[in-house]
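Tertiary structure, described
Next come the chains, spelled out residue by residue.
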Amino acid sequence: SIIMRNYQPNGWVQKKIQSVSLSIKKQPMALAYNSVLGIESTCDETASALVQSGRTILSHVIASQASVHAQFGGVVPELASRHHIDAIIPVLEQCLGNTKWQDIDLIAVANGPGLIGSLLVGIQTAKALAWALDRPLVGVNHVEAHLYASMMGVDHLPSLLPSLGIILSGGHTALHRIDGIGHYTLIGQTTDDAIGEAFDKVAKMVGLGYPGGPCVEERARCGDPQAFVWRPGTIKGKPFHFSFSGLKTAVRYAIDALAPPLSDQTVCDLCASFQKTVVDDLITKIRRAGAQFHPKAIFFGGGVTHNQYLRSCCADQLNGPLFWPPADMCLDNEAMISGLGYHVWHRSYRDERFSLQPQTRMSGALPSR
Ligand code: KG4
Ligand code: ZN
């Protein structure tokens, strides 16, 4: 029965307005639930993808707001949610193309971590679709999906377990042991800034644009990585943890000690030295984790994996097969959400169309289901 609460001058009046029996058909387990339509709106990209069986991308649409936020040097949350509202329906329509709504088996949506206003647009749209189509809805952890982006094309995953999972994004930096999709153990994480955030902050300090990571990488190409020698952050008693705030301060002091304005060559040297310090630190900790956990492979995920210097240093200095997300799946995208959504559903058969809530913050630890 549906209870409506109305406020009257003499107090709350509770009224039973209707007696209905909501008959929600139990999802027959035998159905394949192969075609997954997903929505991603955690930050400043509105994205949707149609993915078959967790791995075959049928369509994939992203509406980026980068140019809206670039002028402010970072994402403005209120602007982001307004732009999601404008973009979400056109993105879904374009993603669907000639596919009929009825051919979708399952809806997946990134329910966090992210900006509250942005998350709400994606989640409410996903709930409305699940209701209207009478299809189940699953919530997907955006950070886990970044890691899944490099596992998606691998068809011999069980033979590569246990593996290491390295998340390098704008909001998270973490090392996990992977024992299967959905089975992770946190080994180490950042105690302050995330790695992408450190790239963005250093870019700002030396006067480069937003997002800073690609600008720093580009300038670093013509810089001397030995020009400035900085020590990476270490945490006593936590050999796999990261800290980037000390390094950020060291860059600040180095800039303050130089006579302004910074020459182009100095900016390049600062970027190259910062990038080298961060990548060397990362490789040291991955090797340390490798010596302890003996992984059969390493999977990388998150926006910073776009960095080619990082990829080539890892290829030269790390053993074992390394898996990186395809170039168009490093940054926020929806294929990783639809793809992982397939596994989340087939693991739990838990329809969240009535219950899913946004999670603005999630700890560095990935969900272990
Ligand atoms: O994973 P992502 O799309 O966002 C989060 O989920 O947090 O990553 C965005 C981050 C930004 O901090 C951006 O500066 C960084 O990834 N990034 C890079 C590069 N491309 C993007 N950092 C270093 N080098 C790059 N080429
Ligand atoms: Zn992301």
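Residues numbered from 1 in each chain as written. Chains lettered and ligands numbered in written order. Predicted model: local features only at pLDDT ≥ 70, side-chain atom pairs only at ≥ 80, totals over all residues. Heavy atoms only, no water.

Digging into the overall build of the protein chain
The condition is simple: A helix here means a DSSP run of H or I that spans at least four residues, while a strand means a run of E at least two residues long, and both kinds are numbered starting from the N terminus. A radius of gyration in this sense is built from C-alpha atoms; the matching globule rule multiplies 2.2 Å by the number of residues raised to 0.38. Accessibility here uses a 1.4 Å probe with only protein chains present; expressed as a share of the type maximum, an area under 20% marks a residue as buried, one over 50% as exposed, and anything in between as partly exposed. Residue contacts are counted whenever heavy atoms from the two residues lie within 4.5 Å of one another.
Helix and strand content of the protein chain: 10 helices and 12 strands. Taking 21 Å as the expected radius of gyration for a compact globule of 369 residues, we find that the protein chain reaches 23 Å, a close match to that expectation. With the principal axes as the frame, the protein chain shows a C-alpha extent of 75 × 55 × 45 Å. In the protein chain, buried positions account for 50% of the 369 residues. Intrachain contacts of the protein chain at a sequence separation of at least 6 include 73% that bridge at least 24 residues.

Observations concerning the coordination of the zinc ion (ligand 2)
The cut-off we apply is this: A donor here means any N, O or S atom no more than 2.8 Å from the metal (3.2 Å for Na, K and Ca); water is not included, so a site may seem to lack partners. Under this scheme a four-donor centre is tetrahedral when all angles range from 85 to 135 degrees, a four-donor centre is square planar and a six-donor centre octahedral when opposite donors are above 155 degrees with the rest from 65 to 115, and any other centre is irregular.
Taken together, the protein donors to the zinc ion (ligand 2) comprise His142 (NE2), His146 (NE2) and Asp332 (OD), at separations of 1.9 to 2.1 Å. Here the zinc ion (ligand 2) is ringed by four donor atoms whose angles at the metal span 97 to 136 degrees, and the overall shape comes out irregular. Linear spacing of the donor residues for the zinc ion (ligand 2) on their chain is H-x3-H-x185-D. Highlighted residues: His142 in helix 4 (residues 142–151) and Asp332 in the loop between strand 12 (322–323) and helix 10 (335–348), separated in sequence by 190 residues. The burial state of His142 is the same as that of Asp332; both residues are buried.

Some thoughts on the sheet that holds strand 4 (residues 45–52)
As a reminder, the rule being used: Any two strands are treated as partners once DSSP identifies two or more bridges connecting them. Lines fitted to C-alpha atoms define the axes, with helix axes restricted to the stretch in contact, and inter-axis angles between N-to-C directions lie between 0 and 180 degrees.
Strand order in the open sheet formed by five strands is 5-4-3-6-7, and the pairing between neighbours is mixed. One side of each edge strand has no neighbouring strand; the edge strands of this open sheet are strand 5 (56–64) and strand 7 (137–141). Averaged over neighbouring strand pairs, the angle between their axes works out to 20 degrees when direction is ignored. Where strand 3 (residues 35–40) and strand 6 (residues 106–112) come together, four bridges link them in parallel fashion. Its bridge partner lying in strand 6, Gly38 is registered against Ala108. Relative to strand 4, helix 2 (residues 77–96) is tilted by about 25 degrees, and along the sheet it contacts strand 3, strand 4 and strand 5.

A word on the site of ligand 1
What counts here: Each residue is tested against the molecule or strand, and it is near if at least one of its non-hydrogen atoms lies within 4 Å. Pairing of N or O atoms within 3.5 Å defines a polar contact, subject to two protein rules: one partner must be a possible hydrogen donor and the other a possible acceptor, and residues neighboring in sequence count only if both atoms are side-chain atoms. The method behind every accessible area is Shrake-Rupley, applied with a 1.4 Å probe, and residues are considered shielded solely by the protein chains displayed. In this count, Pro and Cys sit with the nonpolar residues alongside Ala, Val, Leu, Ile, Met, Phe, Trp and Tyr, while Asp, Glu, Lys and Arg are called charged and the others, Gly among them, polar.
Contacts to ligand 1 come from 20 residues, most closely from Gly170, Gly171, Asp200, Glu217 and Gly303. Side-chain polar atom of His142 to an oxygen atom of ligand 1: 3.1 Å apart, as the coordinates give it. A distance of 3.1 Å separates an oxygen atom of ligand 1 from a polar backbone atom of Gly196. Contact with the protein chains hides 89% of the accessible area of ligand 1, taken as 560 Å² for the molecule alone. At the level of secondary structure, the elements contributing two or more residues to the shell around ligand 1 comprise helix 4, helix 5 (195–205) and helix 6 (212–220). Examining the composition of the shell around ligand 1, we find that four residues originate from one element, helix 6, more than from any other. Its residues placed into classes, the shell around ligand 1 shows five nonpolar, 12 polar and three charged.

Some thoughts on the pairing of strand 6
Here is the key point about a regular strand: its side chains alternate between the two faces of the sheet. With seven of seven residues buried, strand 6 lies mostly within the body of the structure. Of the pairings in the sheet, the one linking strand 6 to strand 7 comprises five bridges and is parallel in character. Within strand 7, the residue paired with Val109 across the bridge is Gly139.

What to know about helix 3 (residues 116–133)
Threshold: Expected helix span is taken as 1.5 Å per residue step, with the number of steps being one fewer than the number of residues.
With 18 residues, helix 3 extends 25 Å from end C-alpha to end C-alpha; this agrees with the ideal 26 Å at 1.5 Å per step. Of all the positions in helix 3, only Ser118, Leu119, Val121, Gly122, Ile123, Thr125, Ala126, Lys127, Leu129, Ala130 and Leu133 are classed as buried. At its buried positions, helix 3 is contacted by strand 3, helix 2, strand 6 and strand 7. A positive backbone phi angle near 55 degrees is found at Asp134, which sits one or two residues after helix 3.

As for the pattern of salt bridges
For clarity, the cut-off: A carboxyl oxygen of Asp or Glu within 4 Å of a side-chain nitrogen of Lys or Arg is what we treat as a salt bridge.
Counted under the stated rule, the structure contains 12 salt bridges. Note that Glu78 and Arg82 form a salt bridge whose closest N and O atoms lie 2.9 Å from each other. With Glu78 and Arg82 both in helix 2, this residue pair falls four residues apart, about one helical turn. With a shortest N-O distance of 3.2 Å, Glu197 and Lys201 are connected by a salt bridge. With Glu197 and Lys201 both in helix 5 and four residues apart, the pair spans about one turn of that helix. Taking the relative accessible area as the measure of exposure, Glu197 reaches 27% and is therefore partly exposed. Accessibility expressed as a relative area gives 32% for Lys201, which makes it partly exposed. Taken together, the shared-partner salt bridges in this structure form one network comprising Asp193, Glu197, Lys201 and Lys248.

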